[in-house]
Amino acid sequence: MEKRVIVALDFNSSDAALHLVDSLDASLCRLKIGKELFTACGPELLKQIQDRGFEIFLDLKFHDIPNTVAKAAKVVGDMGVWMFNVHASGGHAMMEAAREALLEFEQGRPKLIAVTVLTSLAQEDLNQIGFERTPEEQVSKLAFLTRDAGLDGVVCSAAETGLLRAQLPKDFCLVTPGIRRAEDAAGDQKRVLGPADAVRSGSNFLVVGRPITQADSPNEALKEFNSAIAGVS
Ligand code: C5P
């Protein structure tokens with residue numbers, strides 16, 4: 001089975017993260033470790049989770065000078081991470097440096113994707129930091145920059161998936177958070193998409209947090225997400 005669901009481990013302690021991890025079947029999903037959990041527990045916990053058979057998306061969104069990001073990318077490669085990300089607004093040279101730092105890893109090479117525009121930024125926020133385009137235009141521009149730097153794909157919101165899939169080649173990977181079943185609470189997510197609709201609109205991987213992590217039975221909820229997208233293309 002292709003593991004398209006990435007469960008977001010949005011926790012601040014090893015105990016809380018491992019409690020959830022130990023309830024999930026590693027053959028059914030991948031796991032995302034972000035800034036909160038990595039800052040609290042670091043590479044040690046990441047390794048413990050990998051030792052349980054899970055592949056990791058390390059969501060640290062690197063954004064720095066090319067040399068620094070390249071060195072961090074090499075460390076991520078050495079940790080055997082499956083996928084990680086950088087900010088596309090760090091520029092072409094930064095993204096290219098990160099990609100080049102991964103060349104030595106050959107088949108075990110992590111997938112490298114970019115964040116285009118944070119979904120928390122509306123038009124006014126973009127204007128304040130000097131971006132004059134609409135959020136959609138900016139997302140599209142940065143997705144092309146990411147593709148041109150040779151990266152594997154981008155993180156994009158449910159609302160952007162269809163547009164980017166229409167513009168970018170099939171092998172360019174789209175990773176989409178904000179996924180909810182009809183019965184799930186949206187929480188703080190403003191625009192959500194059902195799992196099957198996300199895949200139909202072109203998403204390759206679905207990042208799902210609370211609908212799975214806060215479920216009475218996380219593994220059953222995960223299975224429902226997988227059933228919802230089985231056979232959908
Ligand atoms: O709990 P929920 O399903 O909303 O979690 C979604 C995960 O995806 C969280 O880890 C969140 O930080 C992340 N994410 C997001 N929206 C983005 C980028 C990342 O929700 N635009």
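See the structure printed just above.
Before going into details, it helps to say that this report is about the structure given with it. What you see is a predicted model, and the numbers here were worked out from it, not measured in a lab.

Secondary structure summary: the chain contains 10 helices and 8 strands in total. Computed over C-alpha atoms, the radius of gyration of the chain comes to 17 Å, within 12% of the 17 Å expected from 2.2 N^0.38 for 233 residues, which places it in the range of a compact globule. C-alpha atoms of the chain, sized along the principal axes, occupy 45 × 35 × 35 Å. Relative to its full complement of 233 residues, the chain shows a buried share of 52%. Considering only contacts within the chain whose residues lie at least 6 apart along the sequence, 68% involve residues at least 24 apart. If you sum the accessible surface of the chain, you get close to 11000 Å²; carbon and sulfur atoms cover 50% of it. Across the chain, the mean location of the 25 positive side-chain charges is 3 Å away from that of the 32 negative side-chain charges.

This next bit is on the site of the ligand. By nearness alone, every residue bordering the ligand is listed as Ala8, Asp10, Lys32, Thr119, Pro177, Arg180, Gln189, Val207, Val208, Gly209, Arg210 and Pro211. Relative to its unbound accessible surface of 470 Å², the ligand loses 79% to contact with the protein. Of all elements in the fold, only strand S8 (205-208) and helix H9 (210-213) reach the threshold of two or more residues within the shell around the ligand. Of the residues in the shell around the ligand, the class split is 5 nonpolar, 3 polar and 4 charged.

In this section: the packing of helix H6 (residues 135-148) against helix H7 (residues 158-167). Contact pair H6 / H7: the axes reach a minimum separation of 11 Å and the direction vectors enclose 45°. Considering the angle they form, H6 stands oblique to H7. Relative to H7, H6 is oriented so that their crossing is right-handed. The segment H6 lies against H7, with Val139, Ser140, Ala143 and Phe144 engaging Glu160, Leu164 and Gln167. Residue composition of the contact of H6 with H7, grouped by class: 4 nonpolar, 2 polar and 1 charged.

A few words on the environment of Asp78. Its location among the elements puts Asp78 in helix H3 (residues 66-78). Take Asp78: its relative accessible area is 51%, and that puts it in the exposed class. Through-space distance from the C-alpha of Asp78 to that of Pro110 is 9.6 Å; in sequence the pair is 32 residues apart. Reaching out from Asp78, the side chain makes a polar contact with the side chain of Lys74 at a distance of 2.9 Å.

Turning our eyes to something else, we now look at H7. When H7 is considered as a whole, its buried residues turn out to be Ala158, Glu160, Thr161, Leu164 and Arg165. Looking straight down H7, one finds its buried side chains confined to an arc of 130°; they lie on one side. Along its buried surface, H7 packs onto H6, strand S6 (153-155), strand S7 (173-176) and helix H8 (195-200).

This part takes up the pairing of strand S3 (residues 56-62). In terms of burial, S3 is a largely internal element, 6 of the 7 residues being buried. Alignment of strand S2 (residues 30-34) against S3, held across 4 bridges, turns out to be parallel. By the bridge assignment for S3, Gly34 is matched with Asp59. Read as a crossover between parallel neighbours, the route from S2 over helix H2 (residues 35-51) to S3 is right-handed. Relative to strand S4 (residues 83-87), S3 runs parallel, the two sharing 3 bridges. Each residue of the ladder has a partner; that of Phe57, found in S4, is Met83. In this view, the connection linking S3 to its parallel neighbour S4 by way of H3 has right-handed handedness.

Rules used in this analysis
- Residues numbered from 1 in each chain as written.
- Predicted model: local features only at pLDDT ≥ 70, side-chain atom pairs only at ≥ 80, totals over all residues.
- Heavy atoms only, no water.
- Helix = DSSP H or I, 4+ residues; strand = E, 2+ residues; numbered from the N terminus.
- Rg over C-alpha atoms; globule rule 2.2 N^0.38 Å.
- Buried < 20%, exposed > 50% of the residue type's maximum accessible area, 1.4 Å probe, protein only.
- Contact = heavy atoms within 4.5 Å.
- Areas by Shrake-Rupley, 256 points an atom, 1.4 Å probe, with all protein chains shown as cover.
- Lys, Arg positive; Asp, Glu negative; His and termini not counted.
- Charge placed at Lys NZ, Arg CZ, Asp CG, Glu CD.
- Near = heavy atom within 4 Å.
- Nonpolar A, V, L, I, M, F, W, Y, C, P; charged D, E, K, R; others polar.
- Axes fitted to C-alpha atoms, helices over the stretch in contact; angles between N-to-C directions.
- Parallel < 35°, antiparallel > 145°, perpendicular 65-115°, else oblique.
- Left-handed = near helix turned anticlockwise from the far one by under 90°.
- Polar contact = N/O pair within 3.5 Å; in protein donor to acceptor, adjacent residues only side chain to side chain.
- Arc of directions from axis to C-beta.
- Pairing = 2+ DSSP bridges.
- Right-handed = clockwise from strand over helix to strand, strands pointing away.

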